[in-house]
Amino acid sequence: AGKAKNMQYLAVYLIVMNVIAFIIYGADKAKARRGQWRVSERTLLTLAALGGALGAQLGMSAFRHKTKHRKFTVCVPLFIVLWGALLAVLIVWLR
C-alpha cells in the first residue's frame, strides 16, 4: 500500500508541476508581448526539469513561446523523455 501511495503522490506532484509550467509559459509570453518584466529562461527550464516538461512543451506549442530557442527545443523534449524513463523504471520497480 505504501508503494501505491508514493506513486499517487508522484502523480499529483507531476500534474501540479505541469499545470504550473503551462501557466508560467503562457504568462511569460503575455509579458513578452506587453514588454514587461519576464520570467528568466533558467526558471522556465528549471520548471521543465523538475517535472513540468510536458506542460512546458504544451505551453511552448500553445503560446508559440521559446520555439525558436535551441536550448528549449532540445532540453524540454529531453526532459520529457527522461521523466518518461524514470516513471517507467519506478512503475516496474514498485510492482
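Residues numbered from 1 in each chain as written. Predicted model: local features only at pLDDT ≥ 70, side-chain atom pairs only at ≥ 80, totals over all residues. Heavy atoms only, no water.

Caption draft 1: The arrangement of the overall build of the chain in detail. Secondary structure assignment for the chain yields three helices and zero strands. In sequence order, the secondary structure elements of the chain are arranged as α-α-α. For the chain, the C-alpha atoms occupy an extent of roughly 50 × 20 × 20 Å along the three principal directions. By the burial criterion, 31% of the 95 residues in the chain qualify as buried. When contacts within the chain are restricted to residue pairs at least 6 apart in sequence, long-range pairs at least 24 apart make up 70% of them. (Helix = DSSP H or I, 4+ residues; strand = E, 2+ residues; numbered from the N terminus. Buried < 20%, exposed > 50% of the residue type's maximum accessible area, 1.4 Å probe, protein only. Contact = heavy atoms within 4.5 Å.)

Caption draft 2: Fine view of helix α2 (residues 41-63). Between its first and last C-alpha atoms α2 spans 16 Å; for 23 residues at 1.5 Å apiece the expected length is 33 Å, and the helix comes up short by more than 12%. At glycine 52, α2 shows its largest kink, close to 130°. A positive phi of about 50° marks arginine 64, the residue just after α2. (Expected span 1.5 Å × (residues − 1). Bend = angle between axes of the 7 residues up to and from the residue.)

Caption draft 3: Just helix α3 (residues 70-93), in detail. Taking 1.5 Å of rise per residue, 24 residues should cover 34 Å, and α3 covers 34 Å from first to last C-alpha, within 8% of that figure. Along α3, the positions that sit buried rather than exposed are Phe72, Val76, Phe79, Trp83 and Leu90. In this fold, the buried residues of α3 make contact with α1 (2-34) and α2.

Caption draft 4: Just the environment of glutamate 41, in detail. Within the element layout of this structure, glutamate 41 appears in helix α2. Judged by its relative accessible area of 24%, glutamate 41 falls in the partly exposed class. A C-alpha to C-alpha distance of 12 Å links glutamate 41 and valine 76, two positions 35 residues apart in sequence. The residues contacting glutamate 41, other than those within four sequence positions of it, are Lys66, His69, Lys71 and Phe72. Within polar-contact distance, the side chain of glutamate 41 engages the side chain of lysine 66 at 3.1 Å. (Polar contact = N/O pair within 3.5 Å; in protein donor to acceptor, adjacent residues only side chain to side chain.)

Caption draft 5: Highlighting a nonpolar patch on the surface. On the surface, a cluster of nonpolar side chains totalling about 230 Å² of accessible area is made up of Val12, Val16 and Ile20. Tracing the sequence through the fold places valine 12 in helix α1. Note on valine 12: relative accessible area 51%, which makes it exposed. (Patch = residues over 30% accessible without salt bridge, like charges linked within 9 Å, V, L, I, M, F, W, Y side chains within 5 Å. Areas by Shrake-Rupley, 256 points an atom, 1.4 Å probe, with all protein chains shown as cover. Salt bridge = Lys/Arg side-chain N within 4 Å of Asp/Glu carboxyl O.)

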